[in-house]
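# Fold and contact review
Below are the chains, spelled out letter by letter.
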Amino acid sequence: MFNYCLFFMRNLFLNYKVFLSKGMGGFSNKFCVVMVLCGYGLLFVGSMVNNSKVFEYCLFNVDSLYLSFNLMLDYISIIFVGAVLIISGSVIVYSNWYMYEEIYYNRFIILIYFFVLSMICLIMIPNLVTLMIGWDGLGLVSFLLVCYYQNMKSLNAAMLTALTNRIGDVLILLSIGMFSNEGHMMVYNYDLIVYCSGLSFFILFAGMTKSAQMPFSSWLPAAMAAPTPVSSLVHSSTLVTAGVYLIIRCYGVVDQSFISVWFLQVMSILTLLMAGMAAVIETDFKKVIALSTLSNLSMMMFSISVGYPNVAFFHLITHAMFKALLFVSAGVVIHNNSGAQDLRLLGCGWSSFPTSMVFMVVSSLSLAGVPFLSGFYSKDMIIEMSFSGNFQWWLYLMVIVGAAFTSWYSFRILMSVMLGFNKMNMNNLFSKESYTVVLPMSFLFFGAIFGGSVLKSSLESLKFSCFLTEFDFILILFLILYGLTIMFLFLDVKFSFWMNKVLSFIGKMWNFKGLSTSLTTSVNLQYSGVLSSSLDQGWLEKSGPQGVYELLKVLSWTNQKIQSKYFLKALVWSFFLFFMAMCISFFYY
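Here the structure is a predicted model, which means the values were calculated and not measured. (Residues numbered from 1 in each chain as written. Predicted model: local features only at pLDDT ≥ 70, side-chain atom pairs only at ≥ 80, totals over all residues. Heavy atoms only, no water.)

### Thoughts on the overall build of the chain
- Broken down by element type, the chain carries 26 helices and two strands.
- For the chain, the proportion of its 589 residues judged to be buried stands at 53%.
- By sequence separation, contacts in the chain at least 24 residues apart represent 80% of the contacts at least 6 residues apart.
- Put simply, the chain shows about 27800 Å² of open surface, and 70% of that area lies on carbon and sulfur atoms. (Helix = DSSP H or I, 4+ residues; strand = E, 2+ residues; numbered from the N terminus. Buried < 20%, exposed > 50% of the residue type's maximum accessible area, 1.4 Å probe, protein only. Contact = heavy atoms within 4.5 Å. Areas by Shrake-Rupley, 256 points an atom, 1.4 Å probe, with all protein chains shown as cover.)

Below you can see the structure in the form of structure tokens.
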């Protein structure tokens, strides 16, 4: 495989001029290549930055009301912007191929640029008021991108995504009011002067809604209704990482509340287990990758909760690289199989598109944490640092089991898509993999392999001394083996009635899908039914138009009855009495 990669890279650089001059995206491709190169440059520069710079511009100052626009430059913002530029540039080049036949392609690209701009604003603006530019921009543009395919499924997913994120927007607005006690709005890397536990909870919950932690997890798999380029951007470095990034930056505020940190720890562990279990039995290709994103987000949240936000940021960057590569290579498989996303319908990928399969192998192994790829350094560091803390044994067990699930579904993807023989007779749209597809995957390929080792060796904030026992070290070392062992053990399980119930419970993400959508609608429908039967069809109808109609109906029937019987009888009796009177008067006179 390594020789194949070298052969491919040689052909790629020999034909780069053809790529930059052909097709509908000539200028766009050149601009995106510049974005990627600038991104790698920012990664290199950010790894050497040791101080922070804040640029401030006064928007208006009236009496005691002062509002400014700030930009913050430090190693976190520079490295994260670099990662966003690398991934967004690669995704836009990839979109030239994936979305080539779309009618509204220009609209799609404009939305992507707005999406990236909103994320950069969120990264670099430390002011809690002007931060809403990027925070709300991500929510609005994500709604438009998720419902890009105009059908009911996309609309429902977009509404679920937007409404869940609006909870975080409201909490940020409440945080602005509570943070005003500090006399300014510079919330990044700040420790509270006036202790406020409510502010810690608001910022924590706002980050959890954006990063889909329990109980706000159901919107993230539903957002897979968006096109695959959007999914690769959303699930790597933009929308879902915004919540993690906010909590990392506001760690000084969140850490002052012990209850907030404890709650984040519990929810992150539960999310890790739930996402891993659901990904193991999920059959939708894109949703498996989405659930893997949820699992890695929970690992970042867990790292924050145990007191290592810098390690969480390190995992955020490495995860962004290999997850974008995994989504892009998965998009090639889906696009070349007539849009089929069911793992039971895919297979033989190695013979159909070998180049994309090479990148999928690298990204999947990095996702599983195989030494010495990018994902290994960050994930191993999180587990090691958590083991060096003083926590209960059940916490370690849940972390190990959740991490073992990662290797399970990673190898399941490879076995099903690349080496599996379960492919059905379909109208395969196979064509030669163009450089418009391969070049963006090559940009992400280097980050997925070398990003972890380079950042770990260059960042001073990651120089930790970790002392583990031999048992702990062996336990961590064989995480992948544990996942594969569980996988092969479960292959021989005889499914019974209760097992099917358990699998259904796991596949529905512990019923959080229904709790997030059907619960509110079912309660509203039941309550509206009661109101309809008791009000609209009840006493309002009886005392209103329906009651008046019934009353008039009875009165008219009574009137008709009187007219048909009593008036006739009265007329007969009147004639009879008149006749008797006439007879009496005749005989009398």
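### Describing the nonpolar core
- One finds Phe-80, Tyr-188, Phe-285, Ile-304, Met-360 and Val-417 to be the most contacted residues of the largest nonpolar core, which totals 173 residues.
- Looking at this core element by element, the count peaks at 18 residues for helix 15 (residues 309-335).
- Look past the residues within four positions of Phe-80 in its chain and what remains in contact with it is Met-119, Ile-123, Ser-237, Thr-241, Tyr-245, Phe-313, Leu-316 and Ile-317. (Core = buried A, V, L, I, M, F, W, Y, C linked by side-chain atoms within 4.5 Å.)

### Comments concerning the packing of helix 4 (residues 75-98) against helix 15
- Contact pair helix 4 / helix 15: the axes reach a minimum separation of 11 Å and the direction vectors enclose 0°. When the interaxial angle is binned, helix 4 and helix 15 end up roughly parallel. Between helix 4 and helix 15, the residues in contact are Tyr-75, Ile-76, Ile-79, Phe-80, Ala-83, Ile-86, Ile-87, Tyr-94, Trp-97 and Tyr-98 and Asn-310, Phe-313, Leu-316, Ile-317, Ala-320, Met-321, Ala-324, Val-328, Gly-331, Val-332 and His-335, respectively.
- Among the residues forming the contact of helix 4 with helix 15, the class breakdown is 18 nonpolar, three polar and no charged. (Axes fitted to C-alpha atoms, helices over the stretch in contact; angles between N-to-C directions. Parallel < 35°, antiparallel > 145°, perpendicular 65-115°, else oblique. Nonpolar A, V, L, I, M, F, W, Y, C, P; charged D, E, K, R; others polar.)

### Structural notes on the side chain of Lys-379
- Tracing the chain through its elements places Lys-379 in helix 18 (residues 374-387).
- Asp-380 provides the closest opposite charge to the buried, unpaired Lys-379, separated from it by 11 Å.
- Ignoring any residue separated from it by four or fewer positions in sequence, one finds Lys-379 in contact with Asn-296, Met-299, His-315, Leu-367 and Thr-406. (Lys, Arg positive; Asp, Glu negative; His and termini not counted. Salt bridge = Lys/Arg side-chain N within 4 Å of Asp/Glu carboxyl O.)

### With respect to the environment of Phe-450
- With respect to the secondary-structure elements, Phe-450 resides in helix 20 (residues 435-458).
- Taking the C-alpha atoms as reference, Phe-450 lies 8.8 Å from Phe-372; in sequence the two are 78 residues apart.

### Quick word on the environment of Gly-82
- Tracing the chain through its elements places Gly-82 in helix 4.
- The spatial distance from the C-alpha of Gly-82 to the C-alpha of Val-36 is 8.1 Å, given a sequence separation of 46 residues.
- Those residues in contact with Gly-82 that sit more than four places away from it in its chain are Gly-39 and Leu-42.

### Comments concerning the pattern of salt bridges
- If you walk through the whole model with that rule in mind, you get three salt bridges.
- Residue Asp-169 is joined to Arg-166 by a salt bridge in which the shortest nitrogen-to-oxygen separation is 2.8 Å. With a gap of three residues between them, Asp-169 and Arg-166 both fall in helix 7 (residues 152-179), about one helical turn apart.
- Among the charged side chains, a network of salt bridges with common partners joins Asp-136, Arg-166 and Asp-169.

### Section: the side chain of Ser-268
- With respect to the secondary-structure elements, Ser-268 resides in helix 13 (residues 258-281).
- Polar side-chain contacts of Ser-268 include one of 2.8 Å to the backbone oxygen of Gln-265.
- Beyond its immediate chain neighbours, meaning those up to four positions away, Ser-268 contacts Gln-213, Ser-298, Met-301, Phe-302 and Ser-305. (Polar contact = N/O pair within 3.5 Å; in protein donor to acceptor, adjacent residues only side chain to side chain.)

### Section: unusual backbone geometry
- Note that the residue after Met-214, namely Pro-215, is joined by a cis bond; omega there is 5°.
- With respect to the helices, strands and loops of the structure, Pro-215 is situated in the loop between helix 8 (197-210) and helix 9 (219-222).
- Omega for the bond connecting Pro-371 with Phe-372 falls within 30 degrees of zero, at 5°, which places this linkage in the cis form.
- By the element assignment, Phe-372 lies in the loop between helix 17 (354-368) and helix 18.
- The phi torsion at Ala-212 lies on the positive side, around 60°, for a residue other than glycine.
- In this fold, Ala-212 is placed in the loop between helix 8 and helix 9.

### Quick notes on the packing of helix 5 (residues 105-124) against helix 11 (residues 239-249)
- Put simply, helix 5 and helix 11 touch, their axes get as near as 10 Å, and they point 10° apart. Accordingly, the angle class assigned to the pair helix 5 and helix 11 is roughly parallel. Contacts between helix 5 and helix 11 involve Phe-115, Met-119, Leu-122 and Ile-123 from the former and Leu-239, Thr-241, Ala-242, Tyr-245 and Arg-249 from the latter.
- Residue composition of the contact of helix 5 with helix 11, grouped by class: seven nonpolar, one polar and one charged.

### Things to note about the packing of aromatic side chains
- Per the stated rule, a full pass over the model turns up 17 aromatic pairs.
- Centroid distance Tyr-94 to Trp-97: 5.8 Å. Interplanar angle 50°. Geometry classified as tilted. Pair noted here: Tyr-94 and Trp-97 are both in helix 4, with a separation of three residues, about one helical turn. Across the pair, Trp-97 and Tyr-94 agree in class, each one buried.
- Grouped by ring-pair contacts, the aromatic residues Phe-80, Tyr-188, Tyr-245 and Phe-313 constitute a single cluster.
- For the cation-ring pair, Arg-107 lies above Tyr-104, with the distance from its terminal atom to the ring centre recorded as 4.2 Å.
- Sitting over the ring of Trp-135, Lys-210 keeps its end group 4.6 Å from the ring centre. (Phe/Tyr/Trp six-rings, centres within 6.5 Å; stacked < 30°, edge-to-face > 60°. Lys NZ or Arg CZ within 6 Å of the ring centre and 35° of its normal.)

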